[in-house]
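The chain contents come next:
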Amino acid sequence: MKKGLISSVLVVLAMVLLTGCEKTLLEGEGVETEADGNVVLKLSVYERIPFGTRSVQDISQLCTRVNVVFFQNGTKVKTVTQKPGDPSFGTISLTLDEGVYQVVVIGHSSSGSATISSAEKVTFPSNLVSDTFYYEGDLTVTSSQSSYDLQLERAVAMFRLELTDGLPSNAAKIRFYYTGGSSTFNPSTGFGCVNSRQTVMMTPEGNQSVFEVYTFPHEMNDVLKMTITVYNANEDILAEEVLEQVPVTLNEITVYRGSLFGGNGGGDNGGGNNGGSSSSSGLHLTADGEWAGISTYSF
């Protein structure tokens, strides 16, 4: 009887030891510490496909970086950053105390993180603007489980240059210098909030003849002055074109099509469309990747 009791104790002890070893191994392999966070953000994209239907795509189809900031009474409470290569890109899990928060989400493709100073000011590395999506609104975190579906909206207008004659073989760089737009974004209004002098320098690849740059309009419709300059490897100017009145519209593409080498310099409209308890909450973010319209001009 005594021998049987000892055997039972040894079995129980062995089970306890094995359980302890298993837990240590899992923690060492990097189990997510925020797996039980009370706020979960799942990022995806709604994109149009033919016949008027929509398909859900991963946020990485339109953005390579995501920045999220939670504010409370104007003070930053939590900051989350995701970039290419992160194993959980598109899904964010975190823990927040109960309360009401103002959340700002920025999806973009800049070379580094966006700086979300407040719900009224977002800036980007080197003031370079990429295709950008955003969400701004209030989020209530309670002790009960909650789920949120948020759709990000496009924040930019695009200028697209289509060269009918291409670039010469000795073209090394093409520069876009433009005023009238903004490189700083205000999520609370959905528009640009400064008068910027934007410069984008590109290195053409192969026979590239299409180039795209972005800006945050100050209102739904804005006007840019665009100077396009082509340089050779010695930084000599091969061609330059100044476009005085370039109309741009939020979530629309303005296309200028023409020649920088021997073509005429018109500007005719070519048509087009103008410390509390935790709970489990899900925040589901989507972005609409469909541009609202395209306006085409010749020069």
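Please refer to the structure higher up on the page.
Quick notes on the rules
- Residues numbered from 1 in each chain as written.
- Predicted model: local features only at pLDDT ≥ 70, side-chain atom pairs only at ≥ 80, totals over all residues.
- Heavy atoms only, no water.
- Helix = DSSP H or I, 4+ residues; strand = E, 2+ residues; numbered from the N terminus.
- Buried < 20%, exposed > 50% of the residue type's maximum accessible area, 1.4 Å probe, protein only.
- Core = buried A, V, L, I, M, F, W, Y, C linked by side-chain atoms within 4.5 Å.
- Contact = heavy atoms within 4.5 Å.
- Phe/Tyr/Trp six-rings, centres within 6.5 Å; stacked < 30°, edge-to-face > 60°.
- Salt bridge = Lys/Arg side-chain N within 4 Å of Asp/Glu carboxyl O.
- Pairing = 2+ DSSP bridges.
- Axes fitted to C-alpha atoms, helices over the stretch in contact; angles between N-to-C directions.
- Polar contact = N/O pair within 3.5 Å; in protein donor to acceptor, adjacent residues only side chain to side chain.

(A) Region of interest: the overall build of the protein. Check the secondary structure of the protein and you find 1 helix and 22 strands. Burial status across the protein gives 44% buried among its 299 residues.

(B) Representation of the nonpolar core. Grouped together as the largest cluster of nonpolar side chains are 24 residues, with contacts concentrated most on Phe-159, Phe-176, Met-226 and Ile-228. Only β11 (157–163), β12 (173–179), β15 (197–202), β16 (210–215), β17 (221–231) and β18 (237–249) provide two or more residues apiece to this core. Those residues in contact with Phe-159 that lie beyond four places of it in its chain are Phe-176, Phe-211, Glu-212, Val-213, Met-226, Ile-228, Leu-243, Val-246, Thr-254 and Tyr-256. In this structure, Val-39, Val-80, Leu-94 and Leu-139 belong to the second largest nonpolar core, which totals 22 residues.

(C) Quick look at the packing of aromatic side chains. One pass over the full model with this rule turns up 8 aromatic pairs. Ring geometry for Phe-159 against Tyr-256: centres 5.7 Å apart, planes inclined by 35 degrees, an arrangement best described as tilted. Of this pair, Phe-159 sits in strand β11 while Tyr-256 sits in strand β19 (residues 252–258), and the two are 97 residues apart along the sequence. A residue is classified by how much of its surface remains accessible, and Tyr-256, at 4% relative accessible area, is buried. Ring centres of Tyr-214 and Trp-291 lie 6.5 Å apart, and the angle between their planes is 20 degrees; this geometry places the pair in the stacked category. Comparing Tyr-214 with Trp-291, the two get one shared label, buried.

(D) Expanded view of the pattern of salt bridges. The full count for this structure, using the stated rule, is 6 salt bridges. Of the charged contacts in the structure, one is a salt bridge between Asp-131 and Arg-154, with a shortest N-O distance of 2.9 Å. Here Asp-131 is found in the loop between β8 (121–123) and β9 (133–141), whereas its partner Arg-154 is found in strand β10 (residues 146–154), with 23 residues between them in sequence. With a relative accessible area of 5%, Arg-154 lands in the buried category. In this structure, the salt-bridge partner of Glu-212 is Arg-160, at a minimum N-O distance of 2.9 Å. Linking Glu-212 in strand β16 with Arg-160 in strand β11, this pair joins segments that are 52 residues apart in sequence. Of the residues examined, Arg-160 reaches a relative accessible area of 17% and is grouped as buried.

(E) Expanded view of the sheet that holds β18. In space, the 4 strands of this open sheet follow the order β15-β12-β17-β18, with antiparallel pairing throughout. The strands lining the two open edges of the sheet, one partner per strand, are β15 and β18. This sheet shows a mean twist of 15 degrees between the axes of neighbouring strands, independent of strand direction. In this structure, β12 lies alongside β15, joined through 6 bridges in antiparallel fashion. Considered in β15, the bridge of Phe-176 is made with Val-200.

(F) Region of the structure containing the side chain of Thr-132. In this structure, Thr-132 sits in the loop between β8 and β9. You can call Thr-132 buried: its relative accessible area is 0%. Looking at Thr-132, its side chain comes within polar contact range of the main-chain oxygen of Ser-130, at 2.7 Å. Excluding its chain neighbours within four sequence positions, the residues that come into contact with Thr-132 are Ile-106, Gly-107, His-108, Phe-124, Glu-153, Arg-154, Ala-155, Val-156 and Phe-216.

(G) Structural detail: the side chain of Asn-67. Within the fold, Asn-67 resides in strand β3 (residues 65–72). At 3.4 Å, the side chain of Asn-67 and the side chain of Ser-113 are in polar contact. Ignoring any residue separated from it by four or fewer positions in sequence, one finds Asn-67 in contact with Val-80, Thr-81, Val-104, Val-105, Ile-106, His-108, Ser-113, Ala-114 and Ile-116.

(H) Structural detail: unusual backbone geometry. The phi dihedral of Asn-73 is positive, around 55 degrees, even though this residue is not glycine. Relative to the helices and strands, Asn-73 is located in the loop between β3 and β4 (75–82). Positive phi is not limited to glycine here, since Glu-235 has a value of about 65 degrees. Relative to the helices and strands, Glu-235 resides in the loop between β17 and β18. The exposure class of Glu-235 is exposed, given its relative accessible area of 54%.

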